[in-house]
Amino acid sequence: AGPVQVQLVVPMAVVFAPGSVPGDLPRPLPFRDVQEMEISVNLRTSVTSRYEMRYRSTTAQEEAALAAATAREADAALYPLQDTTLGSLTMYVVPETSSLLPQGISVYVGKHRSALVRAGGGLAALQARLREVTQLMSFTATSIAAALSDRVPDGQLGPDARRNLKSSLGYEITFSLLNPDPKSHSVDWDIEGAVNRFVKPVLDKLSLVANFSVDSQILYYAVLGVTPRYDKESSSFLLSAHSLPHVINPVEARLGSSAASLYPVLNFLLYVPERSHSPLYIQDKDGAPVSTNAFHSPRWGGIMVYNVEAPASPQTSLPLHVDVDMARVMEVFLAQLRLLFGLSREEVPPEFLLESPGNEGLTDWELDHLLWAHTVENIATVSTTLTSLAQLLDKIGNIVIKDDVASEVYRAVASVQSAVTELSLGHLLAAFQASKEAVTCSERAFFDPSLLHLLYFPDDQKFAIYIPLFLPMAVPILLSLAKIVRETRLRKKEPTKMD
């Protein structure tokens, strides 16, 4: 793949509330400072992150907002006062004694693009803390390495790096209800209402990242690929962690949506176990029951098992009517959706308090987190695609490149350069849009039907194909030519025999 040099610039404001300014500032406020960090990927790919910090004191309005009773209220009051461009961050440094942050918490990360940070120690200690927060809210070395996972040598990546979905211009989400035993269970789920209430706000927020389409289906008589084990003690059926990979294959054959799709498909399956295998519980690797009774498969989707209460009296007529509790189900599916997009919150230090995103499903800074990773991934993808295309054209000397293919290549190159430039200026949204445009153009050029290498044969192949066809026809032609030549020679010789 071609070399990729990217500089990721994060514009940051560090705002000191009264009583929080460290004593060892190098010069009076306001001033600027830059911190750079190299993210090592491989020899041909260099990614530098650059934090451009503006240190200043609070304005009167910001001071008033910081006088709120709780961190959440302060966050809401500060939001209209801050720079809300994508990819920028604002850090409010509050005094060590501030009651805004609960006991034992030194960093509060809000819903938007700002955080409250407790002062303490000198400038160096504050900068170390700010570095932790900015990496959480923008990108870490691991998230960038995961975005470039195709270029990273295998041993260097953590186990989760290839779990996230690849960047794509669109995604298709399919919700499927699996009812293997319709004779016993008549299952109703209000999927339309649930999608509008729970999924739509999240997808609206993600609409910047890609286009999403959502559909749903109910499949009858679709069973899991593994027979669960009966457990006498709990008189229930168990699926153990090591058998989960085998659950998906037989079900996937029935889903049938990914074959016709241009985009990656995310499958969310709600499985109502048949009466003979109820209740069914999923166990983790240690044999403990999984609280959500669900599991997810990287880059594929998730499955949740929904147990039905057994009827109180054995005389109850079948099928049992089941109304699915959609709030409980959607909570699990949205958590799995976040995992698939790499938005899990596992590696947060204990003194950090993160505001929950509410019904939007993800905070503004998490959206930025996705955009940073996808922009870098798109730039790398385009450079790989164009390099492959160049190699293909080098191999085939007589290939014909049409004008529209050439112009797509030029546009792809221009868009990639523009994305790299915008990143180095700290314009995340413009960079992401340019990178998306570059992917579209490079794919169009690469998959153009006129560039199919099967249309062009090397000369030796042409001879190999045509000689067997023409040789049988050529034999009688050549023989008759030889005969004609012989006869004309004889004719020429005949007149000399005259007396």
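Residues numbered from 1 in each chain as written. Predicted model: local features only at pLDDT ≥ 70, side-chain atom pairs only at ≥ 80, totals over all residues. Heavy atoms only, no water.

The chain appears in an unreviewed UniProt entry as PIGS transamidase from Molothrus ater. Taken from UniProt, the Subcellular location (unreviewed entry) comment for the chain reads in full: "Endoplasmic reticulum membrane". (UniProt positions renumbered as here; feature names shortened; annotations may be inferred.)

### With respect to the layout of surface pockets
Taken as a whole, the second largest pocket spans an internal volume of roughly 450 Å³. Lining the second largest pocket are 17 residues, and of these Ser168, Leu169, Leu262, Tyr263 and Glu443 lie nearest its centre. Listing elements by their share of the lining of the second largest pocket, those giving two or more residues are helix H8 (364-395) and helix H10 (428-446). In terms of residue count, the dominant contributor to the lining of the second largest pocket is H10 (six residues). Looking at the lining of the second largest pocket residue by residue, the classes come out as seven nonpolar, five polar and five charged. The residues that make up the lining of the second largest pocket include at least three from each of domain 1 (170-341) and domain 2 (367-450). (1 Å grid on protein atoms, 1.4 Å probe; cavity = no way out; pocket = protein on both sides within 12 Å on 5 of 7 lines; lining within 4 Å. Points joined across faces, edges and corners; volume = space filled by probe spheres on them. Helix = DSSP H or I, 4+ residues; strand = E, 2+ residues; numbered from the N terminus. Nonpolar A, V, L, I, M, F, W, Y, C, P; charged D, E, K, R; others polar. Domains from an automatic or database assignment.)

### Some thoughts on the pattern of salt bridges
In the structure shown here, the tally under the stated rule is 13 salt bridges. Arg72 is paired through a salt bridge with Glu355; the nearest N and O atoms lie 2.9 Å apart. Pair noted here: Arg72 is in helix H2 (residues 71-78) and Glu355 is in the loop between strand E17 (352-354) and H8, with a separation of 283 residues, a long-range link. Residue class for Arg72 comes out exposed when judged on its relative accessible area of 56%. Judged by its relative accessible area of 8%, Glu355 is buried. For the salt bridge of Asp364 with Arg113, the shortest nitrogen-to-oxygen distance reads 3.7 Å. With Asp364 in helix H8 and Arg113 in the loop between strand E5 (107-109) and strand E6 (114-118), this residue pair connects regions lying 251 residues apart in the sequence. Within this structure, Arg113, Lys205, Glu360, Asp364 and Asp368 form a network of salt bridges that share partners. (Salt bridge = Lys/Arg side-chain N within 4 Å of Asp/Glu carboxyl O. Buried < 20%, exposed > 50% of the residue type's maximum accessible area, 1.4 Å probe, protein only.)

### A closer look at the domain arrangement of the chain
Assigned domains of the chain: these are domain 1 (170-341), domain 2 (367-450) and domain 3 (457-498). Between the C-alpha centres of domain 1 and domain 3 the distance comes to 75 Å.

### Details of empty space enclosed by the protein
Counting across every chain of the model gives two cavities of 30 Å³ or more. Size it by volume and the largest cavity reaches roughly 50 Å³. Lining the largest cavity, in full, are Val202, Leu206, Leu334, Leu337, Arg338, Phe341, Leu343, Gly361 and Leu362. Those elements that place two or more of their residues in the lining of the largest cavity are helix H5 (191-206) and helix H7 (326-340). Looking at side-chain class alone, the lining of the largest cavity contains seven nonpolar, one polar and one charged residues.

### A short note on the pairing of strand E4 (residues 89-94)
Across the six residues of E4, six count as buried, placing the element largely inside the fold. Taken together, the five bridges between strand E1 (residues 4-16) and E4 define a ladder with parallel strand orientation. What sits directly across from Val14, in E4, is Met91. Looking at chain direction, E4 and E6 are connected through five bridges and run parallel. Paired with Val93 across the strands is Val117, a residue of E6. (Pairing = 2+ DSSP bridges.)

### Let's talk about the environment of Arg275
Mapped onto the elements, Arg275 comes out in the loop between strand E12 (265-271) and strand E13 (280-282). Between the alpha carbons of Arg275 and Asp181 there is a distance of 7.0 Å; along the sequence they are 94 residues apart. Other than its neighbours up to four places away in sequence, Arg275 contacts Asp181, Ser184, His185 and Leu318. (Contact = heavy atoms within 4.5 Å.)

### Side note on the UniProt feature "transmembrane region" (unreviewed entry) in the chain
Sites flagged by UniProt as "transmembrane region" (unreviewed entry) map to residues 463-485. Along residues 463-485, the helical share is 100% and the strand share 0%, with 28 Å between the first and last C-alpha atoms.

### What to know about the packing of helix H9 (residues 403-424) against H10
Interaxial distance between H9 and H10 falls to 8 Å at its minimum, and their mutual angle equals 160°. The angle between H9 and H10 places the two elements in the roughly antiparallel class. Note that H9 runs across H10; the crossing there is left-handed. Residues Val405, Glu408, Val409, Arg411, Ala412, Ser415, Val416, Ser418, Ala419, Glu422 and Leu423 of H9 pack against Leu428, Ala430, Ala431, Ala434, Ser435, Glu437, Ala438, Cys441, Ser442, Arg444 and Ala445 of H10. Considering only residue class, the contact of H9 with H10 consists of 13 nonpolar, four polar and five charged. (Axes fitted to C-alpha atoms, helices over the stretch in contact; angles between N-to-C directions. Parallel < 35°, antiparallel > 145°, perpendicular 65-115°, else oblique. Left-handed = near helix turned anticlockwise from the far one by under 90°.)

### Structural notes on the sheet that holds E12
The five strands lie next to each other as E9-E7-E12-E15-E14, forming an open sheet whose pairing is mixed. With one partner strand each, in any of the chains shown, strand E9 (211-220) and strand E14 (294-297) form the two edges of the open sheet. Adjacent strand axes in the sheet meet at a mean angle of 15°, parallel and antiparallel pairs treated alike. Here five bridges tie E12 to strand E15 (residues 301-305), and the two strands are oriented parallel to one another. Looking across to E15, one finds that Tyr271 is bridged to Val305. Relative to E9, helix H6 (residues 245-255) is tilted by about 100°, and along the sheet it contacts strand E7 (170-179), E9, E12, E14 and E15.

### Some points on the environment of Leu219
Tracing the backbone through its elements, the reader meets Leu219 in strand E9. A relative accessible area of 9% means that Leu219 is categorised as buried. Each C-alpha atom, one on Leu219 and one on Pro180, is 7.8 Å from the other, the two residues being 39 residues apart in sequence. In this structure Leu219 touches Leu177, Leu178, Asn179, Arg254 and Leu255, once residues within four positions along its chain are discounted.

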